[in-house]
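# Summary of the model geometry
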Amino acid sequence: SQTIHQWPATLVQPVGSPLSLECTVEGTSNPNLYWYRQAAGRGLQLLFYSVGIGQISSEVPQNLSASRPQDRQFILSSKKLLLSDSGFYLCAWSDPNEKLFFGSGTQLSVL
Amino acid sequence: GEDVEQSLFLSVREGDSSVINCTYTDSSSTYLYWYKQEPGAGLQLLTYIFSNMDMKQDQRLTVLLNKKDKHLSLRIADTQTGDSAIYFCAENRNDYKLSFGAGTTVTVRA
């Protein structure tokens, strides 16, 4: 069966520090991968998606970047965090029937 | 604004039925989904419906789809305290991406 792992679960970072969130998927090959952000009390905003290694599409201009160095690994990064980067970050993968399966999320607080 | 719209809050008494409503905009969506999010957790896929269906039932869950009005609803029968969560409606847009509503927070009271 397929599983998705996302870490860390919580992260507190100072403004201006770098960020690296990692997500890996097991039990499937060549999945579509996604990074979403959920601000407090709001819906989900798609940040990045990837249909293959090295292929990254950005949905909104922002302070963040994404990379896919391996087929089942998706990384969300920033060189210098802003206060507005705080939020709940969710990684997800989709199956051929276009259902999305989410990781457990990372609560990022930028102070 | 959101492509997918849903009411933000719903309060229901334990044992009653809950109905969560959603409207979407993309008439070409082939799938529509309901996700559940418990506090501090990721989203769990509850159920989904193909756009060529009007209704889908899965145990206590009933999904109704009105394509003409672009209206989707989720009915939870015999609502329990464990059903308290945020429920998200989502549509796919035939371009690898799902568009989510802002979520409906369901509170089950004794």
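Residues numbered from 1 in each chain as written. Chains lettered and ligands numbered in written order. Predicted model: local features only at pLDDT ≥ 70, side-chain atom pairs only at ≥ 80, totals over all residues. Heavy atoms only, no water.

### Details of the overall build of chain A
- Assigned secondary structure in chain A consists of zero helices and eleven strands.
- Sequence-ordered secondary structure for chain A, helices as α and strands as β, is β-β-β-β-β-β-β-β-β-β-β.
- Taken over the C-alpha trace, chain A has a radius of gyration of 13 Å; the compact-globule value for 111 residues is 13 Å, and the two agree within 12%.
- Projecting the C-alpha coordinates of chain A onto the three principal axes gives extents of approximately 40 × 25 × 20 Å.
- Taken across its 111 residues, chain A has 50% of its residues classed as buried.
- Surface accessibility of chain A: about 5,200 Å² in total, with carbon and sulfur atoms responsible for 52%. (Helix = DSSP H or I, 4+ residues; strand = E, 2+ residues; numbered from the N terminus. Rg over C-alpha atoms; globule rule 2.2 N^0.38 Å. Buried < 20%, exposed > 50% of the residue type's maximum accessible area, 1.4 Å probe, protein only. Areas by Shrake-Rupley, 256 points an atom, 1.4 Å probe, with all protein chains shown as cover.)

### Thoughts on the sheet that holds strand β7 (residues 65-70) of chain A
All names here are of chain A.
- Reading across from one edge, β1-β3-β8-β7 is the order of the four strands in this open sheet, with antiparallel pairing throughout. Two strands in the sheet have a free side with no partner beyond their single neighbour: β1 (3-7) and β7. If you compare each strand with its neighbour and ignore which way they point, the axes differ by 20 degrees on average.
- The pairing of β7 with strand β8 (residues 73-78) spans four bridges and is classified as antiparallel. Paired with Ala66 across the strands is Leu76, a residue of β8. (Pairing = 2+ DSSP bridges. Axes fitted to C-alpha atoms, helices over the stretch in contact; angles between N-to-C directions.)

### Brief notes about the interface of chain A and chain B
- Tallying the contact residues gives 21 residues for chain A and 21 residues for chain B.
- Summing both partners gives a buried area of about 1,600 Å² for chain A against chain B, and 56% of it is carried by carbon and sulfur.
- Its largest share of buried area at the contact with chain B, chain A owes to A:Leu44, A:Glu98 and A:Lys99, together 29% of the area lost on that side.
- Run the count over chain A and chain B and you get one salt bridge.
- With a closest N to O distance of 3.1 Å, B:Lys97 and A:Glu59 form a salt bridge.
- Where chain A meets chain B, there are five residue pairs in polar contact (both at pLDDT 80 or more).
- Among the elements of the structure, β4 (32-38), β5 (44-52), β9 (87-94) and β10 (100-102) of chain A are those that each provide at least two residues to the side of chain A that touches chain B.
- For the side of chain A that touches chain B, the class distribution of residues is eleven nonpolar, six polar and four charged. (Contact = heavy atoms within 4.5 Å. Buried area = accessible area lost by both parts, 1.4 Å probe. Salt bridge = Lys/Arg side-chain N within 4 Å of Asp/Glu carboxyl O. Polar contact = N/O pair within 3.5 Å; in protein donor to acceptor, adjacent residues only side chain to side chain. Nonpolar A, V, L, I, M, F, W, Y, C, P; charged D, E, K, R; others polar.)

### Notes on the sheet that holds strand β3 (residues 18-23) of chain B
All names here are of chain B.
- Taken together, five strands build an open sheet; the order of strands is β1-β3-β8-β7-β6 and the sheet is antiparallel. The sheet is open, and its two edges are formed by β1 (5-6) and β6 (55-58), each paired on a single side.
- In this structure, strand β7 (residues 61-66) lies alongside strand β8 (residues 71-76), joined through six bridges in antiparallel fashion. For Leu65, the partnering residue across the bridge sits in β8 and is Leu72.

### With respect to the environment of A:Gln38
- Relative to the elements of secondary structure, A:Gln38 occurs in strand β4.
- Residues A:Gln38 and A:Tyr89, 51 residues apart in the sequence, show an inter-C-alpha distance of 6.3 Å.
- Those residues in contact with A:Gln38 that sit more than four places away from it in its chain are A:Gly43, A:Leu44, A:Gly87, A:Phe88, A:Leu90, B:Gln37 and B:Phe88.
- In terms of polar contacts, A:Gln38 uses its side chain to reach the side chain of B:Gln37, at 2.9 Å.

### Here we look at the pairing of strand β11 (residues 104-109) of chain B
Residue and element names in this part refer to chain B.
- The alternating pattern of β11 places Thr104, Val106 and Val108 on a buried face and Thr105, Thr107 and Arg109 on a face that is not buried.
- As paired strands, strand β2 (residues 9-13) and β11 are joined by five bridges and run parallel to one another. By the bridge assignment, Arg13 is partnered in β11 with Arg109.
- Sheet analysis places strand β9 (residues 85-92) next to β11, joined by three bridges and oriented antiparallel. Within β11, the residue paired with Tyr87 across the bridge is Thr104.

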